[in-house]
Amino acid sequence: MNNTDQFTIFPAIDLRAGKVVRLIQGDPSRQKTYYQNPGEVARMWIEAGANWLHVVNLDGAFGEKGKENQIALEQIIYNTRRWTNKIDIQFGGGLRTMSDMEKAIDTGVSRVVLGTVAVNSPELVFEAINKYGENRIGLALDAQHGYVHTHGWKKETPNEPVSLGKDMFELGVRTCV
């Protein structure tokens, strides 16, 4: 690696109804709940030496409404700022409008991560980069069997991940997860 290359590990905190979960193969009916308190999980990652946290609103990704994950995100941000100023938080899942992105950034996230909107409305990605800058906007390339999936892995698109990644790079995206 040269000095301009970076490799960053993003420990993930997947939220569903305000709890930290994992979905087996992205299936919400096959959920395992690990922690009731997302702020404590954030603290464990900080203590382990993480520089970034990747927080995903699974409810938002599935198009479901609810305030529990917003409250959990606010708790994570509050607790991480209380423990350290040396950690950044990126947040994704259900961010499909400029208003959604603005709300997340105003909450205190360092970067929003866009997936479904990158496929369905690439012009919004371009608009977001112009408004917030390339360091505040990331791309989620959720891919399986050679194709990008959206809506919380529920919809397969005809987009190949490398091709979509290149298109997003042309729009100004510089971070991809």
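Refer to the structure printed above.
Just so it is clear, the model here is predicted, and its values are computed rather than measured.

(A) Focus on the pairing of strand S9 (residues 147–150). With 2 bridges joining them, strand S8 (residues 143–144) and S9 adopt antiparallel strand pairing. Bridge pairing in S9 places glutamine 144 opposite tyrosine 147. Pairing analysis gives 2 bridges linking S9 to strand S10 (residues 155–156), with the strands arranged antiparallel. Along S10, the bridge assignment pairs histidine 149 with glutamate 156.

(B) Quick look at the nonpolar core. With 39 residues, the main nonpolar core has Ile13, Val55, Val109 and Val112 as its most contacted residues. The element that contributes the greatest number of residues to this core is helix H6 (residues 122–132), accounting for 5 residues. Once residues within four sequence positions are removed from consideration, isoleucine 13 is found in contact with Val20, Pro38, Val41, Ala42, Trp45, Leu53, His54, Val55, Val56 and Ile76. Val21, Leu23, Leu58 and Phe62 belong to the second-largest nonpolar core, a separate cluster that totals 5 residues.

(C) Just the packing of aromatic side chains, in detail. On inspection of all chains with the given rule, the structure shows 1 aromatic pair. On the basis of an interplanar angle of 65° and a centroid distance of 5.8 Å, the ring pair of phenylalanine 10 and tryptophan 52 is categorised as edge-to-face. With phenylalanine 10 in the segment before strand S1 (12–16) and tryptophan 52 in strand S4 (residues 52–57), the pair connects residues that are 42 residues apart, well separated along the chain. Owing to a relative accessible area of 14%, tryptophan 52 belongs among the buried residues under this scheme. Over the ring of phenylalanine 62 we find lysine 154; its NZ or CZ atom is 5.2 Å from the centre of that ring.

Conventions and cut-offs
- Residues numbered from 1 in each chain as written.
- Predicted model: local features only at pLDDT ≥ 70, side-chain atom pairs only at ≥ 80, totals over all residues.
- Heavy atoms only, no water.
- Pairing = 2+ DSSP bridges.
- Helix = DSSP H or I, 4+ residues; strand = E, 2+ residues; numbered from the N terminus.
- Core = buried A, V, L, I, M, F, W, Y, C linked by side-chain atoms within 4.5 Å.
- Buried < 20%, exposed > 50% of the residue type's maximum accessible area, 1.4 Å probe, protein only.
- Contact = heavy atoms within 4.5 Å.
- Phe/Tyr/Trp six-rings, centres within 6.5 Å; stacked < 30°, edge-to-face > 60°.
- Lys NZ or Arg CZ within 6 Å of the ring centre and 35° of its normal.

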